[in-house]
Amino acid sequence: MYNKIFKLIIAGLIIATAVWQFTEGGIGNGIMLILLSLIFIFLYFKNEFILLAFLKLRKQDMAGAKNWLDKIKNPEAALVTKQQGYFNYLNGILVSQTDMNEAERYFKKAISLGLSMDQDLAMAKLNLAGIAFSKRRKQEATLLINEAQKLDKQGMLKEQIKEMKNNMKRAQMPKQHYGRGGSMRQQRRTSRR
């Protein structure tokens, strides 16, 4: 995996060649080179391996998504900060089925690095709330669910948030005791009368 700066260097060289082509009268070549340089600039901000991992994840191919993410060996050198956030976000989604502790670490790092879309940030916080709830940290889970609900402006996670709140309510309901209340001594006294 190459450093992210190489993409900008290649784009700069292509733009310089395009300017040379414009001065030589090759306007068509210059335009084509400018368009080619835009591809490298786009790939600087949107990493190709992360885009391919999202595509695999959309097709429910978890192994394929993990394969593409594994091609990024050094995320700090190869990715911009937001891309590092998405790298950790995707790894958190992939690992959440097997290792909750590692998934929690990935989601927290993704939130700290930042995600571009509020929807992705809401999904990361909702996943963290589920992990916190399973570890019996109810206050943290409630706080994260409320934050996810505020971020979910389009209502795409409305059902998941509602289900998570219902699960939390069910878990905190007191166990009902059938029969008479009170101590055994009091129950014997009332049965004698």
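These figures come from a predicted structure and were not determined experimentally.

Definitions and cut-offs
Residues numbered from 1 in each chain as written. Predicted model: local features only at pLDDT ≥ 70, side-chain atom pairs only at ≥ 80, totals over all residues. Heavy atoms only, no water. Core = buried A, V, L, I, M, F, W, Y, C linked by side-chain atoms within 4.5 Å. Buried < 20%, exposed > 50% of the residue type's maximum accessible area, 1.4 Å probe, protein only. Helix = DSSP H or I, 4+ residues; strand = E, 2+ residues; numbered from the N terminus. Contact = heavy atoms within 4.5 Å. Patch = residues over 30% accessible without salt bridge, like charges linked within 9 Å, V, L, I, M, F, W, Y side chains within 5 Å. Areas by Shrake-Rupley, 256 points an atom, 1.4 Å probe, with all protein chains shown as cover. Salt bridge = Lys/Arg side-chain N within 4 Å of Asp/Glu carboxyl O. 1 Å grid on protein atoms, 1.4 Å probe; cavity = no way out; pocket = protein on both sides within 12 Å on 5 of 7 lines; lining within 4 Å. Points joined across faces, edges and corners; volume = space filled by probe spheres on them. Nonpolar A, V, L, I, M, F, W, Y, C, P; charged D, E, K, R; others polar.

Visitor: Can you break down the nonpolar core residue by residue, with the values?
Guide: Residues Ile50, Leu69, Tyr89, Phe107 and Ile145 are the most contacted members of the largest nonpolar core, which totals 36 residues. Of all the secondary structure elements, the ones that give two or more residues to this core are α3 (48–58), α4 (62–70), α6 (81–95), α7 (100–113), α8 (118–134), α9 (138–151) and α10 (158–172). At eight residues, the largest contribution of residues to this core is made by α8. Those residues in contact with Phe107 that lie beyond four places of it in its chain are Tyr89, Gly92, Ile93, Ala124, Asn127, Leu128 and Ile131.

Visitor: Break down a nonpolar patch on the surface for me, with residues and values.
Guide: Taken together, Ile15, Val19, Phe22, Ile27, Ile31, Met32, Ile34, Leu35 and Leu38 make up a surface patch of nonpolar side chains, about 790 Å² in accessible area. In terms of residue count, helix α2 (residues 27–45) provides more of the nonpolar patch than any other element does, six residues in total. Along the polypeptide, Val19 turns up in helix α1 (residues 4–24).

Visitor: Would you mind going over the pattern of salt bridges in detail, with residue names and values included?
Guide: Throughout the structure, instances matching the rule amount to eleven salt bridges. When the shortest N-O distance is used, the salt bridge between Lys7 and Glu48 registers 3.1 Å. A residue pair is termed long-range when its members are at least 10 positions apart, and Lys7 in helix α1 and Glu48 in helix α3 qualify at 41 residues. A residue is classified by how much of its surface remains accessible, and Lys7, at 12% relative accessible area, is buried. Owing to a relative accessible area of 24%, Glu48 belongs among the partly exposed residues under this scheme. Here Glu140 makes a salt bridge to Arg137, at a shortest N to O gap of 2.8 Å. On the basis of relative accessibility, which here comes to 28%, the residue Arg137 falls in the partly exposed class.

Visitor: Tell me what's going on with the layout of surface pockets, and back it up with residues and numbers.
Guide: Taken as a whole, the largest pocket spans an internal volume of roughly 510 Å³. Lining the largest pocket we find 18 residues, and of these Tyr89, Ile93, Met123, Asn127 and Leu157 sit closest to its centre. Examining the composition of the lining of the largest pocket, we find that six residues originate from one element, α8, more than from any other. Taken together, the residues of the lining of the largest pocket break down into eleven nonpolar, six polar and one charged. Taken as a whole, the second largest pocket encloses approximately 320 Å³ of empty space. If you list the elements that add at least two residues to the lining of the second largest pocket, you get α3, α6 and α8. Tallied by class, residues from the lining of the second largest pocket come to seven nonpolar, four polar and three charged.

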